[in-house]
Amino acid sequence: EGAAMTIIPLKVIQLSLTYGMSPHSPSAFAQYGNYLALIEDKFEEGYRYVKFALSLMKKLPSRAHDGSTLFWSTHTRIHIEPMQSSIECYLDAYKAHMKSG
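All values reported here derive from a predicted model rather than from experimental measurement. (Residues numbered from 1 in each chain as written. Predicted model: local features only at pLDDT ≥ 70, side-chain atom pairs only at ≥ 80, totals over all residues. Heavy atoms only, no water.)

From N to C terminus, the protein includes 5 helices and 0 strands. For the protein, the spread of C-alpha atoms along the three principal axes comes to 35 × 30 × 20 Å. Counting all 101 residues of the protein, 39% fall into the buried class. Contacts in the protein between residues at least 24 apart in sequence constitute 53% of all its contacts with a sequence separation of at least 6. When the accessible surface of the protein is split by element, carbon and sulfur atoms take 60% of a total near 6,200 Å². (Helix = DSSP H or I, 4+ residues; strand = E, 2+ residues; numbered from the N terminus. Buried < 20%, exposed > 50% of the residue type's maximum accessible area, 1.4 Å probe, protein only. Contact = heavy atoms within 4.5 Å. Areas by Shrake-Rupley, 256 points an atom, 1.4 Å probe, with all protein chains shown as cover.)

Next up, the structure:
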């Protein structure tokens, strides 16, 4: 069951590393970080992927998929960071989704 959760994010990551980053790349890194942390119990490694996804999101010019990246990354961050900051991240994800339509 958990293996199926990684197929699409890993393919997006592979394509991103081969052809360059796209607006979907940060979300894929965040989803893979979730898989590592929440399914494989590798919280520190998953958190590294999430932090990379968030830094990559800020560097890309497109804001269309920021809400998705923030949403996926918060699932892992809630296990590492204080609860108050994680709740704020869910609110930021909601605002980003509403802004992008």
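What follows continues from the structure just given.
I13, A28, F29, A30, Y32, Y35, L36, A53, L56 and L60 form the largest nonpolar core, which has 10 residues in total. Ranked by residue count, the leading element in this core is helix α2 (residues 25–39), at 6 residues. If we skip the residues at most four places from it in the chain, A53 touches P26, F29, A30 and T69. Grouped together as the second largest cluster of nonpolar side chains are 6 residues, V50, M57, L70 and A96 included. (Core = buried A, V, L, I, M, F, W, Y, C linked by side-chain atoms within 4.5 Å.)

The quantities given are spatial measurements derived from coordinates; they are silent on function.
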